[in-house]
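Coordinate analysis (summary)
Listed here are the chains, written in short residue letters.
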Amino acid sequence: MNKYTKSYDVIVVGAGHAGCEAALAAARLGCRTLVMTINVDHIGEMSCNPAVGGLAKGHLVREIDALGGEMAKNIDATGIQFRRLNTKKGPAVQSLRAQADKEEYRLRMKQALENQDNLDIKQGVVDELIVTDGTIRGVMTSIGEEYPGRAVVLTTGTFMKGVIHIGLRNFSAGRMGDPASVKLTEDLKRLGFNMGRLKTGTTPRLDGRTIDFGRLTPQYGDEPPIPFSFETGSISQKQVPCYITYTNDKTHEIIRSGLDRSPLFAGVIKGTGARYCPSIEDKVVRFSEKPRHQIFLEPMGRNTTEIYPNGVPTSLPADIQFEMIRSIEGLEEAEIVRPGYAIEYDYVEPTQLKPTLETKLIRGLFFAGQINGTSGYEEAAAQGLMAGINAVKHVAGEQPLVLDRTKAYIGVLIDDLVTKGTREPYRMFTSRAEYRLILREDNADLRLRETGYLTGLVSDSVYQAYQQKKDAIRQLLDHLAEVRLTPCAAVNEKLRSMGHHELNQPVLLRDLLKRPGVTLGDLKVFDQRFAGAESSVAEQVEIQTKYDGYIKRQAELVKRFKKMEDISIPAAFEYADVPGLSNEVKEKLSAIHPSSIGQAARIPGITPAAVSILQVLLKKN
């Protein structure tokens, strides 16, 4: 055994999306930080789809940015196509998504870690956690190196006992080209953690030179592209198109012919897959009535010919994959560069975590990302950021940072995991957020920038720019509520020329803006104060004005939620002694140890009657 002479405040195991955010957060907050990864050349690697954002996931990216994280800046600098999704629906469910140059994204994130003060990078496989008296003390690698640390963040991704499946052939790996972490799982079990097994998958990669793009439908990005980061002024790099094609009856016939050699249908794969991102063979079987499934052909970068066919993740045998691909329009001559595969891996049941992402079993040990049962880069990065922040607060002996469900999608994500747990890869959706009209993607900075600044991850200059934006919004909202238009020939003529109804009685500019189709820019013909409003300011003023009634109603629901959250439950509370609770309820409450009545009410199987009993008992005490 070789004990490393340097001691660290925070050790981050893994350098995927969770590990990068955790390590950067800890180092930027002044802690001596080590990130330990199996392969330093794969820091920030996009193992699956080279894209960031998407429905609800874009909310997470913007929240990471508002708190001072890196993901949004990284995709803004390396994105090759930007689109806002769900634009025909309300602002609560609109989200940004961007294709990334896979290699540029990885290299820029690696550079961010390499250039960060207080941060060391080491290559190695962590086999064991060093724990004494229920407290983490460091990590041990496979070659006997011991690294002392006061807090450890595990972000193992798909590496814990990872097994790749292609047809009925399988082999140990963390992802294609990287070894699995085998011994760490056994060490976690030795320490008392309950483990589970999950499965995810990826698509074959295609050689773009062998694709007939002329027969396919191009899909272009938005012009101008909207950045993810509130600090990015504009996107300057040229965008590239994606292309759309579809599976067909022949494709489905080929897939069905290979099901006897599919590890999924042959029972070889035991882990639970993602319900919302099934393999193409699963889709063909489950939705047999569908004549076709859409495929997006997404470039993997500007300087590569590789194409990612989004929509056909598979673990079918290589020969079936080849036939399947060549049955699709435009892909008749396509060559597969890398085969698709499924990967099984171990995760830790997340109900064993506190809302801070610190484990209940071991002080100073934090989990983030797929080790907690989640799926997706954005979910991982969000957890990594929070785990990194709270690891620092643990070391400093400060109060942790916990975002509740009314504050952020990050709060919804973590609360769902630690309160309800998961038996399948967890993916974020807007439908999971009860207060989604308040938790919009567009206002993530207004919700969380203050928190990021007080935490120490947002600079003075960025915070001042945020304050100026907030002041500008407030001033325009006040002005809208003060200025009144009266009906006259000049005013009605302007309204008619804009295609709007004339006035019959005096109206506040605020109420005029509430009319369908009226924008803040339209009001400049009545008041030049609205002519120079920045687009981000104008967007907020319009949304807050047009949805004012709905937002106020949701704010009332938030107040009720807060009342339940404010009734805290002592950490040492003994549920076994509470009369009137069933044994099942006692077991669930004892396992989760909710921090508040609100959290207790969200545990599956906890009845309203049980919640009432707890409330009465806590008031008495």
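For the structure, see preceding data.
Report on the accompanying structure.

1. Brief notes about the sheet that holds strand β17 (residues 294-299)
Read from one edge of the open sheet, six strands run β15-β16-β17-β18-β14-β19, paired in antiparallel fashion. The sheet is open, and its two borders are formed by β15 (217-219) and β19 (336-338), each paired with just one other strand. Between one strand axis and the next, the sheet turns by 40° as a mean value, whatever way the strands run. Relative to β17, strand β16 (residues 242-246) runs antiparallel, the two sharing four bridges. Looking at the pairing, Ile 244 lines up with Phe 296 of β17.

2. Considerations on the packing of aromatic side chains
The full count for this structure, using the stated rule, is seven aromatic pairs. Note on Phe 193 and Phe 367: the rings are 5.3 Å apart at their centroids and 55° apart in plane angle, and the pair reads as tilted. With Phe 193 in the loop between α5 (183-190) and β13 (195-202) and Phe 367 in strand β21 (residues 365-367), this pair connects stretches of sequence that are 174 residues apart. Look at Phe 193 and you get buried, because its relative accessible area is 4%. Since its relative accessible area comes to 1%, Phe 367 is described here as buried. Where Tyr 463 meets Tyr 466, the ring centres are 5.7 Å apart and the plane angle is 40°; that geometry is what we call tilted. Remark: Tyr 466 and Tyr 463 occur in helix α12 (residues 460-482); sequence separation between them is three residues, near one turn of the helix. For the pair Tyr 463 and Tyr 466, one class covers both residues: buried.

3. Digging into the sheet that holds strand β4 (residues 51-53)
Taking strand neighbours across the sheet as the criterion, the three strands line up as β4-β6-β5 in an open arrangement whose pairing is antiparallel. Each end of this open sheet is capped by a strand with a single partner; those strands are β4 and β5 (79-85). Ignoring which end each strand starts from, the neighbouring axes of this sheet average 15° apart. In terms of strand pairing, β4 meets strand β6 (residues 95-100) through three bridges, oriented antiparallel. Counted as the bridge partner of Gly 53 is Arg 97 from β6.

4. Regarding the nonpolar core
If you look at the biggest cluster of nonpolar residues, it comprises 95 residues, and the most contacted ones within it are Val 10, Leu 129, Leu 154, Leu 188 and Ile 410. Considering each element in turn, this core owes the most residues, 11 residues, to helix α9 (residues 377-396). When sequence neighbours within four positions are dropped, the list of residues in contact with Ile 410 reads Leu 60, Glu 63, Ile 64, Leu 67, Ala 382, Met 386 and Leu 403.

5. Observations regarding the pattern of salt bridges
All chains considered together, the criterion is met by 50 salt bridges. Here Glu 379 ties to Lys 57 by a salt bridge, and the two come within 2.9 Å at their closest N and O atoms. A residue pair is termed long-range when its members are at least 10 positions apart, and Glu 379 in helix α9 and Lys 57 in helix α2 (residues 57-67) qualify at 322 residues. For Glu 379, a relative accessible area of 0% corresponds to the buried category. Each of the salt bridges in this network shares a partner with another, and the network as a whole consists of Arg 405, Asp 415, Asp 416, Lys 420, Glu 434, Glu 565 and Arg 602.

Reading the values: rules and limits
- Residues numbered from 1 in each chain as written.
- Predicted model: local features only at pLDDT ≥ 70, side-chain atom pairs only at ≥ 80, totals over all residues.
- Heavy atoms only, no water.
- Pairing = 2+ DSSP bridges.
- Helix = DSSP H or I, 4+ residues; strand = E, 2+ residues; numbered from the N terminus.
- Axes fitted to C-alpha atoms, helices over the stretch in contact; angles between N-to-C directions.
- Phe/Tyr/Trp six-rings, centres within 6.5 Å; stacked < 30°, edge-to-face > 60°.
- Buried < 20%, exposed > 50% of the residue type's maximum accessible area, 1.4 Å probe, protein only.
- Core = buried A, V, L, I, M, F, W, Y, C linked by side-chain atoms within 4.5 Å.
- Contact = heavy atoms within 4.5 Å.
- Salt bridge = Lys/Arg side-chain N within 4 Å of Asp/Glu carboxyl O.

Purely geometric numbers; function is a separate question.
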